[in-house]
Amino acid sequence: MPGNNVVQRVRSLVVAFLDTDLVRLRIERDGGHVELRRRASSRPATADSPEPQAQAAAPENVDAIKSDLVGIFRFSRPLPVTGEMVDSDRELAYVEALGIRNPVRSMGAGRLVSVCCDDGQPVEYGQTLFEIQRV
Amino acid sequence: MPGNNVVQRVRSLVVAFLDTDLVRLRIERDGGHVELRRRASSRPATADSPEPQAQAAAPENVDAIKSDLVGIFRFSRPLPVTGEMVDSDRELAYVEALGIRNPVRSMGAGRLVSVCCDDGQPVEYGQTLFEIQRV
Amino acid sequence: MFKKVLIANRGEIALRINRACRELGVKTVAIFSEPDRESLHVRHADEAFCVGPGPAARSYLSIPNIISTALITNCDAVHPGYGFLAENARFAQICADHGLTFIGPTPEVIGTMGDKATAKRVMREAKIETTPGTDILESVDKARRAAKDLGYPVLLKATAGGGGKGMRVVTGPDELERAFNNAQNEAESSFKDGRLYMEKLIVSPRHIEVQVLGDNFGNIVILGERDCSVQKPSHQKLIEEAPAANLAEKTRKSLYAMALRAAQAVHYTNAGTLEFLVSGDRAYFMEMNTRIQVEHPVTEMVYNIDLVKEQIRIAAGEALGYTQDDLRPRGHAIECRINAEDARNNFAPAAGTLTNVVFPGGPGIRVDTHIYSGGTVPPFYDSMLAKIVAFGETREAAIARMERALRETVIEGVNTTIQQCLEVLATDAFTSGHYAIDFLPGLLRQADAA
Amino acid sequence: MFKKVLIANRGEIALRINRACRELGVKTVAIFSEPDRESLHVRHADEAFCVGPGPAARSYLSIPNIISTALITNCDAVHPGYGFLAENARFAQICADHGLTFIGPTPEVIGTMGDKATAKRVMREAKIETTPGTDILESVDKARRAAKDLGYPVLLKATAGGGGKGMRVVTGPDELERAFNNAQNEAESSFKDGRLYMEKLIVSPRHIEVQVLGDNFGNIVILGERDCSVQKPSHQKLIEEAPAANLAEKTRKSLYAMALRAAQAVHYTNAGTLEFLVSGDRAYFMEMNTRIQVEHPVTEMVYNIDLVKEQIRIAAGEALGYTQDDLRPRGHAIECRINAEDARNNFAPAAGTLTNVVFPGGPGIRVDTHIYSGGTVPPFYDSMLAKIVAFGETREAAIARMERALRETVIEGVNTTIQQCLEVLATDAFTSGHYAIDFLPGLLRQADAA
């Protein structure tokens, strides 16, 4: 039974570990240790990136433009395109609420790295609408 | 806020760690790691022991004599005394249940290291009555 | 009134009894097995004693340890709950021999009714219709002749039976021997009594039971009926309701009259249930359970009465404080049993740790449970985790409320019957109130085929 | 009936409304603030929208975001619950302007009754006795003269008030100026309306309120009274019961008659509550709450009626399906408010993570809560965690049941009022049913002194 118990404890540890975003977990007890490492390929998105450093740095530089009210999201013209450079006060879209058109601006210059909503979609307070990488 | 967040996360990690019986926990994420170690003195019981090996071995050698029924605990004569050597089939006590006297025996020779019940005390199934160190 | 009651059970019914005692100002002593040490029924009692290891035979069925616990804690009564020792006449007698009041009927009545074949004979003598059938069958040969007389399909049943154990449907002579042996073995291992009897199988009947309550002064009242026809293929109940839907008033009255006659015939005391098979306007006595039932809360809700408190009061020698005319049912109540079972895998019981538990609340919802977030389900016992009961002014309102309550319920860590209950509630058969005991097995076959 | 209702609230009342909608087959849209994202009211709704950050002024009080949510999700009605926008006539009007049915009375009635001074004038015109008092007092000087006329002690109250905010007892002229300024500031910051009026202080009265329900066809029924005299020093209710104990039948009838006259006078629709101060056999109208009350479940239990469903049905244009004569109260119900508060420290509210939560169950117990094991209590809102309601055939049975239910309740991670409620239940004053609004403050002073 004790042997079986260890297998069960390790199994539950592995399950718990896989549920996190850790890459390595080492646990020591008096006299022994167990270490779990995640295979690089099992981490999505960054896996086949040739330039991990830039990837890791990227989130630091990216601003999320969020909705500050509830309404219907609409693109402004010209349509913002992922990858394009935007200037500091560009109106990217607007959120229509109670018949009022509330502009969504770029809040500074940068590269538009993602467009997070579809035209006509209902958006809530705090919802990310765009991500802009500051340069 | 992000800085504050890290402090909070580490604090909750420490709280969670102290709640375990681990001596060391190392967590790595892309680009960083945190490691927690418990001070030897913070582990009770074994802390000021001059001979940790004997201490650790001690529990292995002690048998708990447990009640296998529910009843009233009574010492047999002669009264068992903590520290005395008992022989292999000594009747240390009995558990009185439904008017029947059910003897509690030493189940092997050894040194009586603890007497866990008082005379006349109600005891439940599985309750430890005596601890005997086998020699 | 008693000063202290030993609760000889575990799980939700132990908590149920503890609640009734507390509200009556009676102290309680819980018993528990080693794996149940952290159970809620232990935590809420005034005192608690471990009576044995996990397997029930050595703990919840250990008469010496249970009686000894009652004596050393100075209890004056024992409530057996349901299952375990609840219908054990010998246990009831041993309690009496030790000066402990057994909260239930007399050992004699338990003995008579506990032997299912004897019970049917007693009922026939009281002019109550029973399913055509036999007395105890000593051999396969006798069974074969009896089946020929009754006409297939027939039902083999254990005289000590309950919960579908030791029961087999036999549709033709070639199945008989095997069914007989299997039923006998199952009865032997479940009840230590392998004796079988046979009944004509009533095709597609409803399972309707009548609640009775009798005091020690000859007063007996009928607390309406419960429809328990939503049963798993193993004949275990899953959903119960009170009153029964679409029951002709004539049939209802006849059920009540039979139940009253039966209870009077045996001078019944305390709470008991007469189970009937109802087919069209015919009702056949099946068996009597001489204890509180799992599904008693639906009756409590429509009659606004606390059956477990009544059991305790009666056992303490109090007279019923009301007559039949004072009792007015109101509205409709439904109970869903939430079991740790995999409904997609023949209701195989599950054990484990409950990682997240959230129960429903709000108006008209009652929850009886012993589980909680972080608790465990040991593998040794009945798989029931909780009973969720919904009350509504109408059957339709009760169904709507039950549905929302089940959707609010979260139990993570083991498989449960929540989804299966929701599927039943959504069927036309259930919502229209036209279903019989073959309804759930049929629904499961459909799901398997799809 | 409505197709989809926006629930403009959080916590247990948002869940309560969600339950009523589900049982009526109505879809729901929840709103939530950022810290409430994991809240149960969000999980159980059909749709959910974040309307702002933690502080209520920017989320649960953000009329544009709430209305916008209702419109983009195609709701046809809005239920405001209690607190937040429930008694905001402007919000009710804006709903109407956007084609949304506000589930409550008309904006006009909310406006009239929401202004406490105006409400008293209207009541006096309907020949309903009100506490002797003044209209709005423009200055400390006017207050000083009024107090002299009424005779000390007097009570300063905010005309926009509720929950004890902006209320001060003044026992003599030297306290007046300071009390006036404090109350004005508190009212200003709580309601954005600092206007005050004055009432003669009734010494040691009971707080008894009457539930009314009116449909859009002029039908009005009275659903009995609730005694809410167990109040914290801040005048917030802690324990409520229905019916009121030891209330002379003459006084009860007079309260019902006044409530009916008042509701008729303003052509009241939907659910509302008239609060009275009762001293001996005299009853004085205090204020009317034009919404569902926190303590509505005690009325639901004794009348077996679902008040929130009734609110929704009435707003959807249905007529009351019963008359006053059809309504028969039964038994007794008590509610305890379990707040995240430190009763030993002036009921200071607490916030944090709930490490372990187990609620009571079994017969006669209702739990209305939004909390669960592992959930959090954000610091921004009302500190109520749960309402535990106990029903019994008698007041004594309800008290015994409440006591056992509170003892079963486990809430770890924050301080709660459970122990305080148990202490109240154990007093002679409470068990005998002889207590008034100074009872709990007195009990707390005793405890402090001991």
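Overview of the structure. (Residues numbered from 1 in each chain as written. Chains lettered and ligands numbered in written order. Predicted model: local features only at pLDDT ≥ 70, side-chain atom pairs only at ≥ 80, totals over all residues. Heavy atoms only, no water.)

Summing up its helical and strand segments, chain A has two helices and ten strands in all. Written out in order from the N terminus, the α and β elements of chain A read α-β-β-α-β-β-β-β-β-β-β-β. Looking at chain A as a whole, 30% of its 135 residues are labelled buried. For chain A, the share of sequence-separated contacts (at least 6 apart) that also reach a separation of at least 24 residues comes to 48%. A total of about 8500 Å² of accessible surface is found on chain A, and carbon and sulfur atoms cover 52% of it. (Helix = DSSP H or I, 4+ residues; strand = E, 2+ residues; numbered from the N terminus. Buried < 20%, exposed > 50% of the residue type's maximum accessible area, 1.4 Å probe, protein only. Contact = heavy atoms within 4.5 Å. Areas by Shrake-Rupley, 256 points an atom, 1.4 Å probe, with all protein chains shown as cover.)

One pass over the structure, following the stated rule, counts zero disulfides over all chains. The thiol sulfur of Cys117 of chain B is not disulfide-bonded, and the nearest other cysteine sulfur, from Cys116 of chain B, lies at 6.3 Å. A disulfide-free cysteine, Cys228 of chain C has its sulfur positioned 12 Å from the sulfur of Cys336 of chain C, the nearest such atom. The exposure class of Cys228 of chain C is buried, given its relative accessible area of 0%. (Disulfide = S-S within 2.5 Å.)

We now examine unusual backbone geometry. A negative phi holds for most residues other than glycine; trans holds for most peptide bonds. Cis peptide bonds are those with omega within 30 degrees of zero, and the linkage from Arg77 of chain A to Pro78 of chain A qualifies with -5 degrees. Positionally, Pro78 of chain A belongs in the loop between β4 (71-75) and β5 (85-86). In this structure, Leu98 of chain B takes a positive phi of about 50 degrees despite not being glycine. Counting through the fold element by element, Leu98 of chain B comes out in the loop between β6 (91-97) and β7 (100-105). Judged by its relative accessible area of 33%, Leu98 of chain B is partly exposed. Here the phi dihedral of Asn270 of chain D falls at roughly 70 degrees; this positive angle occurs in a residue that is not glycine. Taking relative accessible area as the criterion, Asn270 of chain D reaches 1% and is therefore assigned buried.

This part covers the sheet that holds strand β7 (residues 100-105) of chain A. All names here are of chain A. Spatial strand order, β7-β6-β4-β9: four strands in an open sheet with antiparallel pairing. Looking at which strands have only one partner, the edges of the open sheet turn out to be β7 and β9 (122-123). Pairing of β4 with β9, which is carried by two bridges, proceeds in the antiparallel orientation. In the sheet register, Ile72 faces β9, and the bridge partner there is Pro122. (Pairing = 2+ DSSP bridges.)

Hydrogen bonds between backbone atoms are what pair the strands of a sheet, whose relative direction is either parallel or antiparallel. Residues and elements named next belong to chain B. Spatially, β3-β10-β8-β5 is the arrangement adopted by the four strands of the open sheet, whose pairing is antiparallel. The open sheet terminates on both sides in strands that have one partner only, identified here as β3 (62-66) and β5 (85-86). Pairing geometry for β3 and strand β10 (residues 128-133), over five bridges, is antiparallel. Among the inter-strand pairings, Lys66 is bridged to a residue of β10, identified as Thr128.

With that settled, the discussion passes to the environment of Asn216 of chain D. Residue and element names in this part refer to chain D. Inspection of the secondary structure puts Asn216 in the loop between β9 (206-214) and β10 (220-231). Sequence separation between Asn216 and Thr130 is 86 residues; the distance between their C-alpha atoms is 27 Å. The contact partners of Asn216, leaving out residues within four places of it in the chain, are Thr269, Ile314 and Gly317. Here the side chain of Asn216 touches Ile314 through a polar contact of 3.3 Å, landing on its backbone oxygen. (Polar contact = N/O pair within 3.5 Å; in protein donor to acceptor, adjacent residues only side chain to side chain.)

Before going further, it helps to spend a moment on the relation of the copies chain C and chain D. The two copies are related by a screw operation: chain C maps onto chain D through 180 degrees of rotation and 0.0 Å of translation along the axis, at an RMSD of 0.1 Å. Overall, the copies show the geometry of a two-fold rotation axis. Taken together, the interface assignments show that 100% of the residues at the interface of chain C recur at the interface of chain D, consistent with an identical surface on both copies. (Least-squares fit on C-alpha atoms with pLDDT ≥ 70 in both.)

Our next topic: the pattern of salt bridges. Residue and element names in this part refer to chain D. Evaluated as defined, the whole model comprises 95 salt bridges over all chains. Note that Lys4 and Glu47 form a salt bridge whose closest N and O atoms lie 2.5 Å from each other. In this pair, Lys4 sits in strand β1 (residues 4-7) while Glu47 sits in strand β3 (residues 47-52), placing the two residues 43 residues apart along the sequence. Two residues, Asp36 and Arg10, come together in a salt bridge whose shortest N-O distance is 2.6 Å. (Salt bridge = Lys/Arg side-chain N within 4 Å of Asp/Glu carboxyl O.)

On the side of chain D, 32 residues touch chain C, which itself brings 32 residues to the contact. Summed over both sides, the interface between chain C and chain D buries roughly 2600 Å², with carbon and sulfur atoms accounting for 52% of that surface. Area buried by chain C at its contact with chain D is led by Arg19, Glu23 and Asn304 of chain C, which between them contribute 22% of it. The tally of links between chain C and chain D comes to eight salt bridges. Between Glu23 of chain C and Arg404 of chain D there is a salt bridge, and its shortest N-O distance comes to 2.6 Å. Counting across the interface, chain C meets chain D through twelve residue pairs in polar contact (both at pLDDT 80 or more). (Buried area = accessible area lost by both parts, 1.4 Å probe.)

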